[in-house]
Amino acid sequence: MYTYKARIINVYDGDTVTALIDLGLHIKVQAKIRLKGIDTPELRGVTREDGLTSKARTEELILDKEVTIKTFKDKQEKYGRWLGEIFLPENDTSINQMLINEGFAVPY
């Protein structure tokens, strides 16, 4: 729905991040982004090891980097996160799809 430039400042798990989003006019907001269309293993329970691996890959790809975020709803989902797809601006690669392709996530 909307496209923003942002810096990823925290990776909670493989499919949830915190971004500092540039709204323009020197206005920036911090928001939690749930990566749309993917699901990664949880950090608790029997999937913990895979969850930590997925989180590490997401951190490697986008933590402390400038990215482009495309949001899909004009409201937050039930856990207060915005649904979005994250792209690396240098080659317009979708992180969401990359995590699926590399086996760190499954389509959701």
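Residues numbered from 1 in each chain as written. Predicted model: local features only at pLDDT ≥ 70, side-chain atom pairs only at ≥ 80, totals over all residues. Heavy atoms only, no water.

### As for the pattern of salt bridges
Put simply, the rule reads: Any carboxyl oxygen of Asp or Glu within 4 Å of a side-chain nitrogen of Lys or Arg constitutes a salt bridge here. Put simply, DSSP H or I for four residues or longer makes a helix, DSSP E for two residues or longer makes a strand, and each gets a number counted from the N terminus. Relative accessibility decides the category of a residue: with a 1.4 Å probe and only protein chains considered, values under 20% of the type maximum give buried, values over 50% give exposed, and everything between is partly exposed.
Applying the stated criterion across every chain yields a total of six salt bridges. Linking Arg34 and Asp15 is a salt bridge whose minimum nitrogen-to-oxygen distance equals 3.7 Å. With a gap of 19 residues between them, Arg34 in strand 3 (residues 27-35) and Asp15 in the loop between strand 1 (2-13) and strand 2 (16-24) connect regions that are remote in the sequence. For the pair shown, Arg34 and Asp15 are each scored as buried. Arg57 is the salt-bridge partner of Glu102, the closest N and O atoms lying 2.6 Å from each other. Remark: Arg57 occurs in helix 1 (residues 48-62) and Glu102 occurs in the loop between helix 2 (95-101) and strand 8 (106-107); sequence separation between them is 45 residues. Accessibility expressed as a relative area gives 35% for Glu102, which makes it partly exposed. Connected through shared salt-bridge partners, Asp15, Arg34 and Asp39 make up one network.

### A few points about the packing of aromatic side chains
Quick note on the threshold: A pair of aromatic rings is counted whenever rings of Phe, Tyr or Trp (Trp by its six-membered ring) have centres within 6.5 Å, and the orientation is called stacked for planes under 30 degrees apart, edge-to-face for over 60 and tilted otherwise.
What the rule picks out here adds up to one aromatic pair. Ring geometry for Tyr2 against Tyr4: centres 6.4 Å apart, planes inclined by 40°, an arrangement best described as tilted. By relative accessible area, which is 23% here, Tyr4 ends up partly exposed.

### Here's the deal with the nonpolar core
Threshold: Nonpolar cores are built from buried Ala, Val, Leu, Ile, Met, Phe, Trp, Tyr and Cys residues. Side-chain atoms within 4.5 Å join them into one set. Two residues form a contact once any of their heavy atoms are found within 4.5 Å.
If you look at the biggest cluster of nonpolar residues, it comprises 20 residues, and the most contacted ones within it are Ile8, Ile62, Val67, Ile69 and Ile86. Put simply, the parts of the chain that give this core at least two residues each are strand 1, strand 2, strand 3, helix 1, strand 5 (66-71), strand 6 (82-88) and helix 2. Residues contacting Ile8, with those up to four places away along its chain left out, are Val17, Thr18, Ala19, Ile62, Leu63, Asp64, Lys65, Val67, Ile69 and Ile86.

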